[in-house]
Amino acid sequence: METESMVRLKGVVKEYPLGKLKVRALDGVDLCIRKGEFTVVAGPSGSGKTTLLNMVGCVDVPTAGEVLVAGKETSKLDDRGRTLLRLERLGFIFQTFNLIPVLTAAQNVEFPLLLQRRLGRRRRRERVREMLALVGLEALLDQRPNEMSGGQRQRVAIARALVTLPGIVLADEPTANLDTATGMNIIDLMKTLNRERQTTFIFSTHDPRVMEHARRIVRIVDGRIAGDDGCGGAAERAEA
Amino acid sequence: MGLFLTVAVRNLLQAKRRTALLVTALAGVTLLLVLLMALSAGLTETMIRSATAISSGHVNVAGFSKNKPADAWPVLHGIEAIRRKVADLVPEATSLVVRERAWAKLISDRHSLFVSPTGVDYASEARLKEALVLAKESDYKKGGRDVVVGDLSKLAEPHTAVLFAGQAKRLDVEVGDDLTITAPTGAGRTNTLDVRIVAIARDFGFLSNWVTFLPRQDVKDLYQYGDDTGAVVQVYLPDPAGSEEVMGRLREGLAAAGHELMDHEPAPFFMKFERVAGEDWTGQKLDVTVWSDEVSFLKWVVTALDAISVVLVGILMVIIALGITDSMWIAVRERTREVGTERAIGMTRRQVLALFLVEAMLLGLAGTTLGGLAGAGVAALLDHARIEVAWDALRMILMSDVLNLAVGPGQVAWSIGVFTLLTGVAALPPAVRAARMQPVTAMHHAG
Ligand SMILES: Nc1ncnc2c1ncn2[C@@H]1O[C@H](COP(=O)(O)OP(=O)(O)OP(=O)(O)O)[C@@H](O)[C@H]1O
Ligand SMILES: [Mg+2]
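J.: Would you take a moment to explain the site of ligand 1 for this structure?
T.: All names here are of chain A. By nearness alone, 13 residues border ligand 1, and Ser-45, Gly-46, Lys-49, Thr-50 and Thr-51 come closest of all. In this structure, an oxygen atom belonging to ligand 1 sits 2.8 Å away from a main-chain N or O atom of Gly-46. Contact distances for ligand 1 include 3.2 Å between an oxygen atom and a backbone N or O atom of Ser-47. Look at ligand 1: alone it shows 630 Å² of surface, and the protein chains cover 63% of it. Elements with a minimum of two residues in the shell around ligand 1: strand S2 (21–34) and helix H1 (49–56). Here the element with the most residues in the shell around ligand 1 is H1; it accounts for three residues. Residue composition of the shell around ligand 1, grouped by class: four nonpolar, seven polar and two charged.

Below, the structure written as structure tokens:
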């Protein structure tokens, strides 16, 4: 069971200081994500979706509890360790696309590979081309982000997230800044990639139409998991 | 690194106005620095040239002799043996010149003037022949013609003198006139000598105020010195940069040969009379100096110029550095979310730091290279133009009537290097802040 789970959260609590008070954004979350899953984190605004994805994505650490990514406990790593974990194991897709404006589509996709310094120039270029073809943008190789539509930008971002062949791709409301049709296209693309390449996706949304496509839905309310139809849910906790 | 360069270059091009402003400012201050350094180097060059033409070798072996403690005669006995020893010790010397030195009064029909008559063997003074440029008659005589009169080679004949234009003006004399020279020769007696002015040379700045050339034998006669005497052996080297080393070698070698040596004092010989007269010894001591000692009273000019340069360029650079820091703060603020994204994707803190430093230093390199090359070009042009120095006082200080600038490629490279590094230092606080940002904070930053 442990070998199959890419991410494991155990009793995760996250508090933010708010003046003298503390806001409890996550309040004892247990969760387990396995290879090849396509998981949606759903919940009303302010329920803790982004906070949860930040924990899984190693861009923040919990106040209490454990987050294990690729078998490593993230709060025990230093900044550099978490950075390398993100570079090697995770892919990110953002609500606002977050491409680097001065780089072309191809250069944006190449960026993580350059940070990894593992592939030679030719292999890198091949991989970039392959990824852009996968998201249907092989014609826009040399376009800058500001010359592309929102949907195209998000496709570039998906290609960038996938180019290192990460264990998990995280996407915080990837369709929120897109019109409905484009949003559905992006979800379809992610689903296809999940099916054909076994890429593990976890993304948040509060769009019910997007939720329909999910294989597994984790519902979150006030920082607690209110419903989960996968592992780490009530069933598994009973087992343990 | 290639990626960092691409990102840095494009970001700089993106912020066109900011970049253009800072590049221009950096170019300006680098240009100024290179110009000032060229002026300082040119001044030093001119000083070496003038000093070694008129009153000094690259290295000098001079000294004083005393019959009684209160004496201070600038004369050495056994000069021929000393000259031979110097020749042995400095085989690389291009020439050795023996001169007489004195202090005397020049008297014309109407005026008089104290100078240091310098006795020369005209035949052995190839350098002096080259360095002295004869003045036009109009340079020293009211209503004089615009032609050169006089003949330097007549200095080979006895009872002749070569003056500088400023001295001729003050004495109100011209070529062909006679002068009387009077000199105290000790024990209250005064000797006189009549000489004819055979040539008048163009002024050489400060030094030409008090140097007048006479045949060596005339000076000896004036002071009734013996045959085997002389004031100084001037040593000329293939490269003036070796002066200090040769001075050391001479001091050791001459001391080993049994000569008494004075302690090294970086001052011209005419400022040492009083000290020597106050010392309690008799006999003869040698004094070995380098050219810069003999013009040390002028070194303040170079020092002052350098000090002004440092202060001026320093102030400008601080202002520009503040501008760079400010500009990088803006860049970091504008790109907060970009930094967050890069951190999330897997860029380390150190890489973020490097990204911003590379950007700043690229800007620095562009500005300073532009300014450095422009400065070198302008300096070379100014030097080539041989601009006349219009102001007399300045001409005195510069020891030249044209502006001389010397550009060294080393200095230009140094300026570029140091200023580029400074740009990096100026960008450090914003770059460190960028590197310290948490990826979450950076990602959710609005805008
Ligand atoms: N950096 C922060 N400092 C203080 N409070 C925070 C911070 N980030 C989130 N919170 C609070 O934590 C709670 C959960 O926030 P979170 O952003 O995770 O919700 P969300 O489900 O993503 O909401 P939305 O659908 O609006 O994006 C909210 O009450 C929010 O105000
Ligand atoms: Mg959110």
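That covers the picture; the talk isn't over yet.
J.: Where do I start with the sheet that holds strand S7 (residues 168–172) of chain A in this structure?
T.: Strand pairing within a sheet occurs via backbone hydrogen bonds; the two strands may be parallel or antiparallel. Residues and elements named next belong to chain A. Reading across from one edge, S6-S7-S8-S3-S9-S10 is the order of the six strands in this open sheet, with mixed pairing throughout. What marks the edges here is a single partner per strand, and that holds for strand S6 (90–93) and strand S10 (224–228). On average, adjacent strands in this sheet sit at an angle of 20° to one another, irrespective of strand direction. The sheet contact formed by S7 and strand S8 (residues 200–205) spans five bridges and is parallel. For Val-169, the partnering residue across the bridge sits in S8 and is Phe-201. Here H1 sits on the sheet in contact with strand S3 (38–42), S6, S7, S8 and strand S9 (216–221), set at roughly 155° to S7. Each of S3, S7 and S8 touches helix H6 (residues 180–197); the most contacted strand, S8, lies at about 155° to it.

J.: What is the right way to look at helix H3 (residues 79–89) of chain B in this model?
T.: One turn of an α-helix holds 3.6 residues; hence residues three or four places apart share an orientation. Regarding H3(B), the residues found buried are B:Ile79, B:Ile82, B:Val86 and B:Leu89. For H3(B), the buried positions fall inside an angular range of 85° around the axis, keeping them on one side.

J.: Explain empty space enclosed by the protein here, please?
T.: Take a probe with the size of a water molecule and roll it over the atoms, and the empty space left behind shows itself. All names here are of chain B. With the rule as written, the count across this model stands at five cavities of 30 Å³ or more. Its volume calculated, the largest cavity comes out at about 130 Å³. Ser-55, Arg-101, Ser-116, Val-211 and Phe-269 are the residues nearest the centre of the largest cavity, which is lined by 15 residues in total. Among the secondary structure elements, those contributing two or more residues to the lining of the largest cavity are strand S3 (95–101) and strand S5 (112–120). In the lining of the largest cavity, the residues fall into eight nonpolar, four polar and three charged.

J.: What is the right way to read the pairing of strand S9 (residues 211–215) of chain B from this model?
T.: Working note: regular strand, side chains alternate between the two faces of the sheet. Residues and elements named next belong to chain B. The element S9 is extensively covered by neighbouring structure, given that five of its five residues are classed as buried. Where S5 meets S9, five bridges bridge the pair, whose relative direction is parallel. Across the sheet, residue Pro-117 finds its bridge partner in S9, namely Thr-212.

J.: Is there a simple way to explain the packing of aromatic side chains in this structure?
T.: Aromatic ring pairs are reported here in terms of the distance separating the ring centres and the angle at which the planes meet. Taken as a whole and judged by the stated rule, the model has ten aromatic pairs over all chains. When the ring of A:Phe38 is compared with that of A:Phe201, the centres are 5.8 Å apart and the planes differ by 65°; the resulting orientation is edge-to-face. Placement of the pair is A:Phe38 in strand S3 and A:Phe201 in strand S8, with a sequence separation of 163 residues. By relative accessible area, which is 0% here, A:Phe201 ends up buried. Considering the side-chain rings of B:Trp103 and B:Phe114, the 6.3 Å spacing of their centres and the 10° angle between planes classify their relative orientation as stacked. With B:Trp103 in the loop between S3 and strand S4 (104–107) and B:Phe114 in strand S5, the pair connects residues that are eleven residues apart, well separated along the chain. According to the relative accessible area criterion, B:Trp103 is partly exposed, its value standing at 44%. One aromatic cluster is present, built from ring pairs that chain together B:Phe64, B:Trp210, B:Phe269, B:Phe270 and B:Phe273. Across the ring face of B:Tyr122, the terminal group of B:Lys129 is positioned such that the distance to the ring centre comes to 4.8 Å.

J.: Mind showing me how you'd approach the pattern of salt bridges here?
T.: Residue and element names in this part refer to chain A. If you walk through the whole model with that rule in mind, you get 35 salt bridges over all chains. Asp-27 is paired through a salt bridge with Arg-224; the nearest N and O atoms lie 2.6 Å apart. Of this pair, Asp-27 sits in strand S2 while Arg-224 is found in strand S10, placing the two residues 197 residues apart along the sequence. When its relative accessible area of 18% is taken as the criterion, Asp-27 is described as buried. Look at the salt bridges and you will find they share partners, linking Glu-15, Arg-24, Asp-27 and Arg-224 into a network.

J.: Is there a simple way to explain the interface of chain B and chain A in this structure?
T.: Size of an interface, as often reported, equals the accessible area lost when the parts are brought together. Contacts between the two partners involve 22 residues from chain B and, on the opposite side, 26 residues from chain A. Looking only at chain B, the three residues that lose the most surface to chain A are B:Leu3, B:Arg10 and B:Ile345, adding up to 28% of its buried area. For the interface between chain B and chain A, the tally reads two salt bridges. For the salt bridge of B:Arg349 with A:Asp79, the shortest nitrogen-to-oxygen distance reads 3.4 Å. Of all the secondary structure elements, the ones that give two or more residues to the side of chain B that touches chain A are helix H1 (2–14), helix H11 (336–345), helix H12 (349–385) and helix H15 (439–444) of chain B. By residue number, the principal contributor to the side of chain B that touches chain A is H11(B), which donates seven residues. Across the side of chain B that touches chain A, the residue classes break down as eight nonpolar, eight polar and six charged.

Cut-offs applied
- Residues numbered from 1 in each chain as written.
- Chains lettered and ligands numbered in written order.
- Predicted model: local features only at pLDDT ≥ 70, side-chain atom pairs only at ≥ 80, totals over all residues.
- Heavy atoms only, no water.
- Near = heavy atom within 4 Å.
- Polar contact = N/O pair within 3.5 Å; in protein donor to acceptor, adjacent residues only side chain to side chain.
- Areas by Shrake-Rupley, 256 points an atom, 1.4 Å probe, with all protein chains shown as cover.
- Helix = DSSP H or I, 4+ residues; strand = E, 2+ residues; numbered from the N terminus.
- Nonpolar A, V, L, I, M, F, W, Y, C, P; charged D, E, K, R; others polar.
- Pairing = 2+ DSSP bridges.
- Axes fitted to C-alpha atoms, helices over the stretch in contact; angles between N-to-C directions.
- Contact = heavy atoms within 4.5 Å.
- Buried < 20%, exposed > 50% of the residue type's maximum accessible area, 1.4 Å probe, protein only.
- Arc of directions from axis to C-beta.
- 1 Å grid on protein atoms, 1.4 Å probe; cavity = no way out; pocket = protein on both sides within 12 Å on 5 of 7 lines; lining within 4 Å.
- Points joined across faces, edges and corners; volume = space filled by probe spheres on them.
- Phe/Tyr/Trp six-rings, centres within 6.5 Å; stacked < 30°, edge-to-face > 60°.
- Lys NZ or Arg CZ within 6 Å of the ring centre and 35° of its normal.
- Salt bridge = Lys/Arg side-chain N within 4 Å of Asp/Glu carboxyl O.
- Buried area = accessible area lost by both parts, 1.4 Å probe.

It is worth stressing that arrangement in space is one thing and function is another; only the former is reported here.
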